[in-house]
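Secondary and tertiary structure notes
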Amino acid sequence: MDKIQLKAYAKINIGLDVIKKLENGYHEVKMIMQTISLHDTLVLERSSTPGIVLETDHETLPADSSNLAYRAAELLFDAYSLNGGVKIYLKKRIPIAAGMAGGSADAAAVLRGMNEMFGLDVPRQELMKLAVKLGADVPYCIVGGTYLAEGIGERLTRTAPMPECFILAAKPAVCVSTKWVYDNLHADSLKEHPDIDRMLREIEAGNLKGLAGCMDNVLQNVTCKKYPVVLEIIKKMEACGAQKAMMSGSGPTVFGLFCSEMQMQEAYEQLRAEAVIQDLFLCRIQHAYFESEE
Ligand code: ATP
């Protein structure tokens, strides 16, 4: 196989808790991850000329060795002493630095795609071990679907699938530094924590309303204090009928869960004119990449 096209799905956090700050500066987290249908598209092409060539349609994203898609290819070339080269075309749709793990999803897609295209047959668990070198969310982005992520986000347990729902994702025109949010959380003195175990039970029971009643993201208050527009969008989304609206990751993207496609469409029509929203996406729940093999 010389060419392959892949989708790299964005994720949202159905729940996000930070347990403590670790001595190495990372944070121990407990999160529920969910892939959604919003995706980047990657085309990988094998070439006999050695080296990695990356092109992207995004105006400001660097297409050099600082790009996670490039670094993923480099990692596989080094780890398995591959011959030849690869050309990667990356079509970006997932907003950058938005709390939706777009970079991690691209990196994971390159790992999955090159594994197939070069006929490496690297087992999924091994690919995931390698993936963590690129970032804590990359192993999850290899599998996708609904997962509990612990440790620094790399310790994964598959959960029951997310109850059927429709998702509106809204990104305001602000950029949020993940590092700044974690630095300002003061994880060790938090008095209240989201009840991730209860969320898991509601998912297991397939109870969307029950889940909506206990969803929480411990980073949301930190981001909202500096960027009140995030809270503004959450309120607008709930006023438009979302069962729950919440920030994903460290933000600034807000997502709303809707019971029906029609309710989501109606909310979309109301929110699309809002000046504070830069990007608005109609999404569905996206199941695991390897669903058919499970
Ligand atoms: P997370 O939810 O994992 O915190 P994020 O959605 O907030 O991720 P990304 O879009 O993955 O953030 O981008 C974070 C940083 O990674 C940006 O500063 C960006 O320049 C860099 N980056 C490198 N490669 C990519 C890529 N392929 N796509 C997006 N960002 C990339």
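From a predicted model like this one, the values you see are computed outputs, not experimental measurements.

**Description of the site of the ligand**
- Taken together, the neighbourhood of the ligand is formed by 19 residues, with Leu68, Ala97, Ala101, Gly103 and Asp137 sitting nearest.
- Alanine 101 places a main-chain nitrogen or oxygen 2.9 Å from an oxygen atom of the ligand.
- Take aspartate 106: an N or O atom from its side chain is 3.0 Å from a nitrogen atom of the ligand.
- Burial of the ligand by the protein amounts to 75% of the accessible area it has alone, namely 610 Å².
- Tallying contributions element by element places helix H2 (residues 102-117) first for the shell around the ligand, with three residues.
- The residue inventory of the shell around the ligand, partitioned by class, reads nine nonpolar, six polar and four charged.

**Some points on the pattern of salt bridges**
- Applying the stated rule across the entire model yields eleven salt bridges.
- In this structure, aspartate 197 and lysine 30 form a salt bridge, with 3.0 Å as the shortest nitrogen-oxygen distance. Of this pair, aspartate 197 sits in helix H6 (residues 196-204) while lysine 30 sits in strand E2 (residues 27-47), and the two are 167 residues apart along the sequence.
- For glutamate 269, the salt bridge is made with arginine 272, and the minimal N-O distance between the two is 3.1 Å.

**What about the sheet that holds strand E10 (residues 277-284)?**
- Judged by pairing direction, the sheet is antiparallel, and its four strands sit side by side in the order E8-E9-E7-E10 without closing on themselves. Lying at the two open borders of the sheet, with one neighbouring strand each, are strand E8 (244-247) and E10. Pairs of neighbouring strands in the sheet enclose a mean axial angle of 20 degrees, with direction left out of account.
- In this structure, E8 lies alongside strand E9 (residues 254-258), joined through four bridges in antiparallel fashion. Bridging from a neighbouring strand, alanine 245 pairs with glycine 256 of E9.
- Contacting strand E7 (166-172), E9 and E10, helix H10 (residues 261-271) runs over the sheet at an angle of about 170 degrees to E10.

**Focus: the packing of aromatic side chains**
- Tallied over the full model, the rule gives three aromatic pairs.
- Note on tyrosine 9 and tyrosine 289: the rings are 5.5 Å apart at their centroids and 35 degrees apart in plane angle, and the pair reads as tilted. Linking tyrosine 9 in strand E1 (residues 3-21) with tyrosine 289 in the segment after E10, this pair joins segments that are 280 residues apart in sequence.
- A centroid spacing of 5.8 Å and a plane angle of 80 degrees characterise the contact between phenylalanine 77 and phenylalanine 118, whose relative ring orientation is edge-to-face. Residue phenylalanine 77 is found in helix H1 (residues 68-79), and its partner phenylalanine 118 is found in the loop between H2 and helix H3 (124-131); the two are separated by 41 residues along the sequence. Per residue, the accessibility class of phenylalanine 77 equals that of phenylalanine 118, and both read buried.
- In this structure, arginine 124 is placed above the aromatic ring of phenylalanine 290, and the distance from its NZ or CZ to the ring centre is 3.8 Å.
- Over the face of the ring belonging to tryptophan 180 we find lysine 226, whose NZ or CZ atom lies 4.4 Å from the ring centre.

**A word on H6**
- When H6 is considered as a whole, its buried residues turn out to be Ile196, Met199, Leu200, Glu202 and Ile203. Taken around the axis of H6, the buried residues stretch over an arc of 160 degrees, which confines them to a single face. Opposite the buried face of H6, at more than 90 degrees from it, the exposed residues are Arg201 and Glu204.
- Among the residues trailing H6, glycine 206 stands out with phi positive, at a value near 70 degrees.

**A few points about H2**
- Between its first and last C-alpha atoms H2 spans 22 Å; for 16 residues at 1.5 Å apiece the expected length is 22 Å, and the two agree.
- Within two residues after H2, glycine 119 carries a phi angle of roughly 60 degrees, on the positive side.

**Examining the domain arrangement of the protein chain**
- With domains assigned, the protein chain is organised as domain 1 (3-158) and domain 2 (166-284).
- The gap between the C-alpha centroids of domain 1 and domain 2 is 23 Å.
- Each partner contributes residues to the interface: domain 1 has 27 residues there, and domain 2 has 33 residues.
- Both sides together, the interface formed by domain 1 and domain 2 hides about 2,400 Å², and carbon and sulfur atoms give 66% of it.
- Taken together, the links from domain 1 to domain 2 amount to one salt bridge.
- In this assembly, domain 1 and domain 2 are joined by eleven residue pairs in polar contact (both at pLDDT 80 or more).
- Elements with a contribution of two residues or more to the side of domain 1 that touches domain 2: E1 and E2.
- Here the side of domain 1 that touches domain 2 gets eleven residues from one element, more than from any other, and that element is E1.
- For the side of domain 1 that touches domain 2, the residue count by class is 15 nonpolar, six polar and six charged.

The rules behind the values
Residues numbered from 1 in each chain as written. Predicted model: local features only at pLDDT ≥ 70, side-chain atom pairs only at ≥ 80, totals over all residues. Heavy atoms only, no water. Near = heavy atom within 4 Å. Polar contact = N/O pair within 3.5 Å; in protein donor to acceptor, adjacent residues only side chain to side chain. Areas by Shrake-Rupley, 256 points an atom, 1.4 Å probe, with all protein chains shown as cover. Helix = DSSP H or I, 4+ residues; strand = E, 2+ residues; numbered from the N terminus. Nonpolar A, V, L, I, M, F, W, Y, C, P; charged D, E, K, R; others polar. Salt bridge = Lys/Arg side-chain N within 4 Å of Asp/Glu carboxyl O. Pairing = 2+ DSSP bridges. Axes fitted to C-alpha atoms, helices over the stretch in contact; angles between N-to-C directions. Contact = heavy atoms within 4.5 Å. Phe/Tyr/Trp six-rings, centres within 6.5 Å; stacked < 30°, edge-to-face > 60°. Buried < 20%, exposed > 50% of the residue type's maximum accessible area, 1.4 Å probe, protein only. Lys NZ or Arg CZ within 6 Å of the ring centre and 35° of its normal. Arc of directions from axis to C-beta. Expected span 1.5 Å × (residues − 1). Domains from an automatic or database assignment. Buried area = accessible area lost by both parts, 1.4 Å probe.

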